[in-house]
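Each chain, written out:
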Amino acid sequence: MKILAVNAGSSSLKFQMFEMPEEQVIIKGTFERIGLNDSFYTINIDGAKEKKEALLANHEEAVNILIKELVNYGVIKSLAEIKGIGHRIVHGGDKYSSSVVIDDEVINTVTNLSSLAPLHNPANISGVKSFIKMVPDAIEVGCFDTAFHQTMDEERFLYAVPNEWYEKYNVRKYGFHGLSHKYVSKRISEILDKKYCNIIVCHLGNGGSISAVRDGHCIDTSMGFTPNAGIVMGSRSGDIDYSIIPYMMKKTGMTIDEIDKILNKQSGMLGISEVSSDFRDIEAKISVKDKKAIMAHYLFVNSVVGYIAKYYVELGGVDAICFTAGVGENSPHVRNMIIKRLACLGLKLDYEANDNMRFGKEGVITKEDSSVPCYVIPTNEELMIARDTYELIEK
Ligand code: AMP
């Protein structure tokens, strides 16, 4: 059965087509700069990558081209072969604790949740509507970034603010990157061959979040009401004292939107290093002993270690710690710094294994006598979407 996994952003649309249940990727690609000048798309098939320019005024035009290309590349003969289309949707609020078949009610609910994710939900829905129009017979499924974290208890998702803020305005911790946390915690449970286990998942990418998972259920996570909370990120500050905001507004005359933009786009690793939000650029500067780049790394590592320590205690000990996403999968240097700081808990890094574990490799990076094994698990959010979509169709 052919299933399409779709991730529609405000100006991009990524897709992967899977043959299910074999979980084999048939074709994948990305449409970029949708609605902007110089839009283009890339298609990857059979190990070859092709880039093409195209005028992409909106998501619908991208979907139109995508469908034509699936036929051109001989992946499908007719649209009827696409049985399911799974969509990544960033915010499901507290309405969805798992993936769902999309109908009018789901579209309305997700649209109404846009005030919680103004940049993401409208783009996700625009993608959904385009596919419904172009492939009306396929079953559309919504896979929410927030869903995996819906198992958190009130004592972990509530903020210590007046109850009315939660009851009337939905102010609470939601958590994000749920598809990745779910994929990695499931995968490590298979590797350990343990259904009942305590896991800490460190999703360290441009955005980053850490979650505490017990027996496959999330009990706590570092992102909050928005993806801005938690650890230091590429260009986001992560946790800060909220009083900084009114203080800086009074001191500089900046508006709340200007401050919001700085905390989102000019803070984190970029703000401290003054080099880049990209860890590769920062590591290049560290190799020539750039002090600000070194400081950015320290702040990042401190914030990650702080959450690991907190979740180690919350879980009452752990069976494994997993690293995933761009930085977690590819930076032995960052993992080394983090695991060294956890030596007080009995963690022992295997330097050689750590250095070799990158670029898509999966495996253990600690010594056999480490109190807790640490693993690198390359994440696969698209596969998670395809699995959920397939499961809902088969039901
Ligand atoms: P993601 O958001 O998961 O795509 O992760 C993107 C981030 O991963 C980039 O911004 C880089 O900082 C980081 N990254 C990717 N490859 C490497 C690498 N080889 N070494 C260090 N960091 C990397």
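Residues numbered from 1 in each chain as written. Predicted model: local features only at pLDDT ≥ 70, side-chain atom pairs only at ≥ 80, totals over all residues. Heavy atoms only, no water.

**What about the overall build of the chain?**
Secondary structure summary: the chain contains 15 helices and 14 strands in total. C-alpha extents for the chain along the principal axes are approximately 60 × 55 × 45 Å. Scored against the burial criterion, the 395 residues of the chain give a buried share of 51%. Sequence-distant contacts in the chain: of pairs separated by 6 or more residues, those separated by 24 or more amount to 62%. Per element, the accessible surface of the chain, about 18800 Å² overall, is 51% carbon and sulfur. (Helix = DSSP H or I, 4+ residues; strand = E, 2+ residues; numbered from the N terminus. Buried < 20%, exposed > 50% of the residue type's maximum accessible area, 1.4 Å probe, protein only. Contact = heavy atoms within 4.5 Å. Areas by Shrake-Rupley, 256 points an atom, 1.4 Å probe, with all protein chains shown as cover.)

**What about a nonpolar patch on the surface?**
Together, Ile 272, Met 295, Tyr 298 and Leu 299 make up an exposed nonpolar region whose accessible area comes to about 350 Å². No other element matches the three residues that helix H11 (residues 291–315) contributes to the nonpolar patch. Looking at the element boundaries, Tyr 298 is found in helix H11. (Patch = residues over 30% accessible without salt bridge, like charges linked within 9 Å, V, L, I, M, F, W, Y side chains within 5 Å. Salt bridge = Lys/Arg side-chain N within 4 Å of Asp/Glu carboxyl O.)

**Some words on the layout of surface pockets**
In this model, the second largest pocket occupies a volume close to 1100 Å³. As for the second largest pocket, its lining consists of 30 residues, of which Tyr 159, Phe 225, Thr 226, Ala 229 and Tyr 242 are closest to the centre. For the lining of the second largest pocket, the secondary structure elements donating two or more residues are helix H8 (256–265) and H11. Here the lining of the second largest pocket takes five residues from H8, the largest share from any one element. For the lining of the second largest pocket, a count of residues per class yields 14 nonpolar, seven polar and nine charged. (1 Å grid on protein atoms, 1.4 Å probe; cavity = no way out; pocket = protein on both sides within 12 Å on 5 of 7 lines; lining within 4 Å. Points joined across faces, edges and corners; volume = space filled by probe spheres on them. Nonpolar A, V, L, I, M, F, W, Y, C, P; charged D, E, K, R; others polar.)

**Topic: helix H1 (residues 59–72)**
The end-to-end C-alpha separation of H1 is 20 Å, in line with the 20 Å expected for 14 residues at 1.5 Å each. Buried within H1 are the following residues: His 59, Ala 62, Val 63, Leu 66, Ile 67, Glu 69 and Leu 70. Projected onto a plane normal to the axis of H1, the buried residues spread over an arc of 165° and lie on a single side. Counted as exposed and oriented over 90 degrees from the buried face of H1: Lys 68 and Asn 72. Its side-chain oxygen at 3.2 Å from the backbone nitrogen of Glu 60, Asn 58 defines the N-terminal cap of H1. Of the residues trailing H1, Gly 74 is marked for its positive phi of about 75°. (Expected span 1.5 Å × (residues − 1). Arc of directions from axis to C-beta. Polar contact = N/O pair within 3.5 Å; in protein donor to acceptor, adjacent residues only side chain to side chain.)

**A few points about the packing of aromatic side chains**
Inspection of every chain in the model, using the stated rule, returns seven aromatic pairs. With centroids separated by 6.2 Å and ring planes inclined at 40°, the aromatic side chains of Phe 15 and Phe 31 adopt a geometry described as tilted. With Phe 15 in strand S2 (residues 13–19) and Phe 31 in strand S3 (residues 24–32), the pair connects residues that are 16 residues apart, well separated along the chain. Between Tyr 174 and Phe 225, the aromatic rings sit 6.2 Å apart at their centres with planes inclined by 40°, giving tilted as the arrangement. Linking Tyr 174 in the loop between helix H5 (163–169) and helix H6 (178–192) with Phe 225 in the loop between strand S11 (217–221) and helix H7 (244–252), this pair joins segments that are 51 residues apart in sequence. (Phe/Tyr/Trp six-rings, centres within 6.5 Å; stacked < 30°, edge-to-face > 60°.)

**Some words on the site of the ligand**
Around the ligand, the structure places Gly 205, Asn 206, Asp 278, Phe 279, Arg 280, Ala 325, Gly 326, Val 327, Asn 330, Ser 331, Arg 358 and Phe 359. Residue Phe 279 places a main-chain N or O atom 2.6 Å away from an oxygen atom belonging to the ligand. Relative to its unbound accessible surface of 500 Å², the ligand loses 74% to contact with the protein. For the shell around the ligand, the element with the most residues is helix H12 (residues 325–330), which contributes four residues. The class makeup of the residues in the shell around the ligand is four nonpolar, five polar and three charged. (Near = heavy atom within 4 Å.)

**Some points on the nonpolar core**
Ranked by size, the top nonpolar core spans 46 residues in total, and within it Phe 300, Ile 321 and Ile 338 carry the most contacts. Within the residue set of this core, elements represented by two or more residues are strand S9 (198–204), strand S10 (208–214), helix H10 (279–286), H11, strand S12 (320–324), helix H13 (332–341) and strand S14 (374–376). In terms of residues, this core owes the most to one element, H11, which gives ten residues. Here Phe 300 is in contact with Leu 204, Ile 231, Val 232, Met 269, Phe 279 and Val 334, once residues within four sequence places are set aside. Grouped together as the second largest cluster of nonpolar side chains are 30 residues, Ile 3, Val 141, Cys 218 and Cys 322 included. (Core = buried A, V, L, I, M, F, W, Y, C linked by side-chain atoms within 4.5 Å.)

**Here's the deal with the sheet that holds strand S4 (residues 40–45)**
If you trace the eight strands from one edge of the open sheet to the other, you get S5-S4-S3-S2-S1-S6-S8-S7, paired in mixed fashion. What marks the edges here is a single partner per strand, and that holds for strand S5 (48–53) and strand S7 (100–101). Together, strand S1 (2–8), S2, strand S6 (82–89), S7 and strand S8 (139–144) form the strand contacts of helix H15 (residues 381–394), whose direction differs from that of S6 by roughly 130°. (Pairing = 2+ DSSP bridges. Axes fitted to C-alpha atoms, helices over the stretch in contact; angles between N-to-C directions.)

**Overview of the packing of H11 against H13**
Packing of H11 against H13 leaves a shortest axis separation of 10 Å and a crossing angle of 50°. Overall, the two elements H11 and H13 adopt an arrangement that is oblique. The element H11 and its partner H13 pack so that their crossing is right-handed. Two secondary-structure elements touch here, H11 through His 297, Tyr 298, Phe 300, Val 301, Asn 302, Val 304, Val 305 and Ile 308 and H13 through His 333, Val 334, Met 337, Ile 338 and Arg 341. Residues belonging to the contact of H11 with H13 are distributed by class as follows: nine nonpolar, three polar and one charged. (Parallel < 35°, antiparallel > 145°, perpendicular 65-115°, else oblique. Left-handed = near helix turned anticlockwise from the far one by under 90°.)

**What about the packing of helix H2 (residues 104–112) against helix H3 (residues 121–134)?**
Two numbers describe how H2 lies on H3: the axes approach to 9 Å, and their chain directions differ by 160°. Taken as axis vectors, H2 and H3 run roughly antiparallel relative to one another. The crossing of H2 and H3 is left-handed. For the pair H2 and H3, contact is made by Ile 107, Val 110 and Thr 111 and by Asn 121, Ile 125, Val 128, Lys 129 and Ile 132, respectively. A class-by-class count of the residues in the contact of H2 with H3 yields five nonpolar, two polar and one charged.

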